[in-house]
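Observations on chain architecture
Listed here are the chains, written in short residue letters.
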Amino acid sequence: MDKKHFKQTLLGGFVSNPVFVLVLGLCPTIAKSTNIVDAFALGAATAFVLICTNVLVSLLKKAIPDKIRLISYIIIIAGFTTLVDIFIRAYLPALNQTVGSVIPLIAVNCLILGRADSFARKNKVGYAALDGASMGIGFMIGITLLGAARQLLGMAGLSVFTTAAGGLLLLGLLLGLYNYIRSLIYTARKKRTRTLRRIKPNPFKGGKSQ
Amino acid sequence: MKSETKSAFKSAMILASVAACVVLVLAFANAFMKPPLPPPPKLELEEVAILNQIAPTGVDDQTALDEYYFVLIGPQTAEEMSAWNELHGNTSFKVTGIARYKILLAAFKADKGPHAGTVFVRTLTDGYYDIRADIITAINPDGTFKHMRLLNNAIYTEDNYASGDIDKINAVLAGRPIGQITANDIKGQLPIVIGAGATETANVFRLAIEIAAALFSEVANG
């Protein structure tokens, strides 16, 4: 197993977070992140569809010709989305009352088609599933954070953040904060790498220790 | 066969196979994962209070409940209600989130008091996303329109739409045979600025009247 590839795929949901870095799937993110429960439910449903789509696309990558790959992926995504919709209507009627109307929108979430086309069809099933899980969990965390923030601000009297405009504004702020923290982590890691290279030079390059 | 034609045919077959597999799985899932039945209709103090306002019995709400001034009529169990709504109602969603709803929730009749014989039909009709119009329509014993009350709806609440809309509907439709009321009778009474437009708004009340008329004709015919 390629450890580097595994680590990159595993951390994909954080490094390239669908909500705060890639900025994909904003329609359901804004529409149904007015409270934490709805946001989490929608995030979980999206993650499920993403994982299943990635696995199936990876399994069928050699069978589906290039010409019809996007149409096939869309059919597969729509199928899994409908499956989730049927499940929620049957077993979670209370949740269906609140998020049921936006579940079909998962089928047009560009995150899912994007990952299927850019990753799943070029990698093995295991990596495709891992990518689906990582991106799905990243999306779930992103939408849940936004939902929690909007709900808390709404309860504190700032009802503007429960509207769509306020949601977009808050998303922008969280996006900025997320990327700032990410850049801090990268900077710290770079400094650490440089420091380690100075202390323990690469023996094959003939460096001297200080 | 030329290679291009062969390739196109192969692509079409693969696409059809993928679609067929997806349809099969969904058909299987649909057959085994049925949505639960809605709760059966009920008559509690909350309903009696509303009915007592529309058709006053002359007694307080608790007395009206205890002494059966109002009774449940029409479908009584969840199964009967579900079957009735399959026949006369409708539930579907459009992509834009407009919920096409036409559901009977409960039907009551005034059994005692000065308005005995009045039929009340409680319905859920069109709305947006998870918001639906909860309406009670009252029908006189002779089958004429008596009154309509909007109970709760985030878009069409009595606070946020132009005041007097429901009063206009009540004034225009009063005394008209319930089975002869059309969409045009209601449409002209509502301002276009509400919701998605007069047509959508008129639907909310038109569908409630259609269900009320269907229920009344069943009850009247025994």
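Before reading further, recall that the structure is shown in the block above.
These lines cover the structure that appears in this document, whether it is placed above or below. Note that the structure is a prediction, hence the values are computed from the model and not measured. As a convention, each chain's residues are numbered from 1 in the sequence order in which they are written. Following the order in which they are written, the chains are lettered starting with A and the ligands numbered starting with 1. Two thresholds apply to this predicted model, a pLDDT of at least 70 for residue-level local features and 80 or more for giving and counting side-chain atom pairs, whereas whole-chain, interface and lining totals are computed over all residues. The basis for every side-chain value is the complete set of heavy atoms in the structure, and neither hydrogens nor water enter the calculation.

Turning our attention to the overall build of chain A. Assigned secondary structure in chain A consists of 9 helices and 0 strands. Helix and strand definitions follow DSSP, with helices as H or I runs of at least four residues and strands as E runs of at least two, each counted in order from the N terminus. Along chain A, helices (α) and strands (β) appear in the sequence α-α-α-α-α-α-α-α-α when read from the amino end. Only protein chains enter the area calculation, which uses a 1.4 Å probe; residues under 20% of their type maximum are buried, those over 50% are exposed, and those in between are partly exposed. For chain A, the residues scored as buried account for 42% of the 210 residues in total. By definition, residues are in contact when any of their heavy atoms lie within 4.5 Å. Pairs at least 24 apart in sequence give 77% of the contacts found in chain A among residues at least 6 apart. Values of accessible area rely on a 1.4 Å probe in the Shrake-Rupley scheme; residue burial ignores everything except the protein chains shown. Accessible surface, chain A: about 11200 Å² in total, of which carbon and sulfur atoms supply 69%.

Looking now at the packing of aromatic side chains. Stacked, tilted and edge-to-face are the three classes assigned to paired rings of Phe, Tyr and Trp, where Trp is represented by its six-membered ring and a pair needs centres within 6.5 Å; plane angles under 30 degrees give stacked, over 60 edge-to-face, the rest tilted. Summed over the entire model, instances satisfying the criterion amount to 5 aromatic pairs over all chains. For the ring pair Phe87 of chain A and Tyr91 of chain A, a centre distance of 5.1 Å and an interplane angle of 55 degrees mean the geometry is tilted. With a gap of 4 residues between them, Phe87 of chain A and Tyr91 of chain A both fall in helix H5 (residues 69–91), about one helical turn apart. Residue Phe87 of chain A is classed as partly exposed on the basis of its relative accessible area, which comes to 39%. By relative accessible area, Tyr91 of chain A is classed as partly exposed at 48%. Any Lys NZ or Arg CZ that is within 6 Å of a ring centre and within 35 degrees of that ring's normal is treated as a charge sitting over the ring. The lysine or arginine in question, Lys112 of chain B, covers the ring of Tyr69 of chain B, its NZ or CZ lying 5.4 Å from the ring centre.

Residues and elements named next belong to chain A. Taken together, Phe14, Leu177, Tyr180, Ile181, Leu184, Ile185 and Tyr186 make up a surface patch of nonpolar side chains, about 640 Å² in accessible area. Top element by residues in the nonpolar patch is helix H9 (residues 164–199). It accounts for 6 residues. Position of Tyr186 relative to the elements: it lies in helix H9. Here Tyr186 falls in the partly exposed class, since its relative accessible area comes to 32%. What goes into a patch is any residue over 30% in relative accessible area without a salt bridge, connected to like charges within 9 Å or, for nonpolar side chains (Val, Leu, Ile, Met, Phe, Trp, Tyr), within 5 Å. Counted as salt bridges are all cases of a side-chain nitrogen of Lys or Arg within 4 Å of a carboxyl oxygen of Asp or Glu.

Time to look at the side chain of Thr57 of chain B. All names here are of chain B. By secondary structure assignment, the location of Thr57 is in the loop between helix H2 (45–54) and helix H3 (61–66). Under the relative-accessibility criterion, Thr57 is labelled buried at 9%. Distance and chemistry together define a polar contact, namely a pair of N or O atoms within 3.5 Å, with one atom able to donate a hydrogen and the other to accept it when in protein, and with adjacent residues in sequence counting only for side-chain atoms on both sides. Only 2.8 Å separates the side chain of Thr57 from the side chain of Asn52, close enough to count as a polar contact. Beyond its immediate sequence surroundings of up to four residues, Thr57 is in contact with Asn52, Ala64, Tyr69, Phe70, Gly113 and Pro114.

This brings us to the packing of helix H4 (residues 36–59) of chain A against helix H8 (residues 125–155) of chain A. Residues and elements named next belong to chain A. To get an axis, a line is fitted to the C-alpha atoms, and for a helix only the part in contact is used. The angle between two axes follows their N-to-C directions and goes from 0 to 180 degrees. The contact between H4 and H8 brings their axes to 8 Å, and the two run at 165 degrees. When the axes of H4 and H8 are compared, the pair comes out roughly antiparallel. Every pair of crossing elements has a handedness; the one defined by H4 and H8 is right-handed. Roughly parallel means an angle under 35 degrees; roughly antiparallel means over 145; roughly perpendicular covers 65 to 115; every other angle is labelled oblique. Rotating anticlockwise by less than a right angle from the far helix to the near helix defines a left-handed crossing, while the corresponding clockwise rotation defines a right-handed one.

Val49, Ile103 and Ile106 of chain A are the most contacted members of the largest nonpolar core, which has 49 residues in total. Only H4, H5, helix H6 (93–99), helix H7 (110–118), H8 and H9 of chain A together with helix H1 (3–32) of chain B provide two or more residues apiece to this core. Considering every element that reaches this core, the biggest residue donor is H5 of chain A, with 9 residues. Buried Ala, Val, Leu, Ile, Met, Phe, Trp, Tyr and Cys residues that are joined via side-chain atoms within 4.5 Å together make up what is termed a nonpolar core. If you look at the next biggest cluster of nonpolar residues, it comprises 29 residues, including Val121, Ile169, Val204 and Ala212 of chain B.

The subject of this paragraph is the interface of chain B and chain A. The partner chain A presents 23 residues to the 21 residues of chain B that form the contact. Summed over both partners, the interface of chain B with chain A comes to about 1800 Å²; 73% of that surface belongs to carbon and sulfur atoms. Here chain B and chain A share 0 salt bridges between them. For the pair chain B and chain A, the number of links is 1 residue pair in polar contact (both at pLDDT 80 or more). Top contributing element to the side of chain B that touches chain A by residue count: H1 of chain B, with 13 residues. In this classification, the charged set is Asp, Glu, Lys and Arg, the nonpolar set is Ala, Val, Leu, Ile, Met, Phe, Trp, Tyr, Cys and Pro, and all remaining amino acids, among them Gly, are polar. Residue classes in the side of chain B that touches chain A are distributed as 15 nonpolar, 3 polar and 3 charged. Buried area counts how much accessible surface, traced with a 1.4 Å probe, disappears from two parts once they are put together, with both parts' losses summed.

Our focus in this paragraph is the environment of Ile30 of chain A. If you trace the backbone, Ile30 of chain A turns up in helix H3 (residues 26–31). Sequence spacing of Ile30 of chain A and Ala164 of chain A is 134 residues, and the spatial spacing of their C-alpha atoms is 6.3 Å.

This part is about helix H4 (residues 78–88) of chain B. Residue and element names in this part refer to chain B. Looking only at H4, the buried set comprises Ala78, Met81, Ser82, Trp84 and Asn85. The buried residues of H4 occupy an angular sector of 165 degrees when the element is viewed end-on, so they sit on one face. In H4, the exposed positions angled more than 90 degrees off the buried face are occupied by Glu79, Glu86 and Leu87. To be clear, the arc concerns the directions from the helix axis to the C-beta atoms.

Here the focus is a positive patch on the surface. On the surface, Lys190, Lys191, Arg194 and Arg198 of chain A cluster together to form a positively charged patch. As for its position among the elements, Arg198 of chain A is in helix H9. Counting rule for charge: Lys and Arg are taken as positive, Asp and Glu as negative, and neither His nor the chain ends is counted. For this purpose, a charge sits on NZ of Lys, CZ of Arg, CG of Asp or CD of Glu.

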